[in-house]
Amino acid sequence: MDAVDLDHPNSARVYDYFLGGTANWAIDRVFGDELSKLVPIIRIGARVNREFLGRAVRHAVRNGITQFLDLGSGVPTVGNVHEVADTIDPESRCVYVDCEPVAVAHAKVLLERHGDPARQAVLHADLRDVDAVWKAALATRVLDPTQPIGLLMVSVLHFLDPQEEVPGVVAAYRDLLPPGSQLVISHATFDAVPDEQLRQFQAGVELYRQAGIAASPRDRETIRSYFGDFELAEPGLTWLPEWHVNDGPALLREQPAACCFVGGLGVKR
Ligand SMILES: C[S@@+](CC[C@H](N)C(=O)[O-])C[C@H]1O[C@@H](n2cnc3c(N)ncnc32)[C@H](O)[C@@H]1O
């Protein structure tokens, strides 16, 4: 596994800091505090994203998904995918994938202590290496490629650089998925964001850039295009606090656009 880079803040560890986790270093906390000053809503935004992830996983399980591939899964925190899925289907399965060594190491420890190797696995990989990730995910034998898979790309695609790669990467995963699979995406956007948050988030993106982290909010049409011909489940691509809000907690319901994140779930027919 690659050495942990402690000379630069890292998106996985900064996100963990925002969620109240302990898998972060001083450099991540200093960066996170600076970012929070520029974008005061960002900590709540991280929780909004986790809430969306939980609602989307529950929706997928209720609609026949028994196994998940979680790309850019992050440091394990409250409401991990397998934990959420297990509340509805105790036999659910999940493979986690992340490129950040700290996130992967924490996930391994969590699964060694509390997991079931027949039902969960974690891979250290770059999600852009589609074929390698797919082969490695199937080699765990946790996933059954003949059955629908819930593919999660939650708050990760805006970190891909160069952004020109994103459509091809997502399309390659869409093609690999068996029929009936479901694709969940959440993504940062500047489209129709209130002026105040827009200015703040633009400053935040610039701060990320200076720290060597590419963060690319995209317009809704572009994000919508990542679902290809998958059928978007109701209510379509929405602000995260507007998506299936009756199925669990949803912060920022009163000002959904302030979170600057949209998301949705598409089904492969
Ligand atoms: C903001 S966190 C999101 C974590 C989780 N998906 C969630 O929504 O709570 C983004 C994660 O994507 C990971 N990531 C970024 N680029 C990646 C890549 N190319 N391949 C795999 N993981 C990546 C980061 O390491 C980080 O853990």
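Residues numbered from 1 in each chain as written. Predicted model: local features only at pLDDT ≥ 70, side-chain atom pairs only at ≥ 80, totals over all residues. Heavy atoms only, no water.

- The chain goes by Methyltransferase in an unreviewed UniProt entry, where it is assigned to Amycolatopsis acidiphila.

### Let's talk about the site of the ligand
Then, number 1: Around the ligand sit 20 residues in total, of which Tyr15, Asn49, Arg50, Gly72 and Asp98 are the nearest.
Then, number 2: Backbone polar atom of Cys99 to a nitrogen atom of the ligand: 3.4 Å apart, as the coordinates give it.
Then, number 3: Here Leu127 contributes a backbone N or O atom positioned 2.9 Å from a nitrogen atom of the ligand.
Then, number 4: Contributing elements (two or more residues each) for the shell around the ligand: α1 (11-18) and α3 (42-62).
Then, number 5: If one sorts the elements of the shell around the ligand by residue count, α1 sits on top with three residues.
Then, number 6: Within the shell around the ligand, the residues separate by chemical class into nine nonpolar, six polar and five charged. (Near = heavy atom within 4 Å. Polar contact = N/O pair within 3.5 Å; in protein donor to acceptor, adjacent residues only side chain to side chain. Helix = DSSP H or I, 4+ residues; strand = E, 2+ residues; numbered from the N terminus. Nonpolar A, V, L, I, M, F, W, Y, C, P; charged D, E, K, R; others polar.)

### A word on the state of the cysteines
Then, number 1: Scanning the entire structure with this criterion turns up zero disulfides.
Then, number 2: The thiol sulfur of Cys94 is not disulfide-bonded, and the nearest other cysteine sulfur, from Cys99, lies at 17 Å.
Then, number 3: Given a relative accessible area of 1%, Cys94 falls into the buried group. (Disulfide = S-S within 2.5 Å. Buried < 20%, exposed > 50% of the residue type's maximum accessible area, 1.4 Å probe, protein only.)

### Looking at the pairing of strand β8 (residues 261-267)
Then, number 1: For β8, the tally of buried residues reaches seven of seven residues, placing the bulk of the element in the interior.
Then, number 2: Covered by surrounding structure in β8 are Phe261, Gly263, Leu265 and Val267 together with Val262, Gly264 and Gly266, the residues of both alternating faces.
Then, number 3: Summarising the sheet, strand β5 (residues 182-188) and β8 pair through seven bridges and their orientation is antiparallel. Along β8, the bridge assignment pairs Leu183 with Gly266.
Then, number 4: Pairing of strand β6 (residues 231-232) with β8, which is carried by two bridges, proceeds in the antiparallel orientation. Looking at the pairing, Glu231 lines up with Val267 of β8.
Then, number 5: Pairing between strand β7 (residues 238-239) and β8: two bridges, direction antiparallel. Its bridge partner lying in β8, Thr238 is registered against Gly263. (Pairing = 2+ DSSP bridges.)

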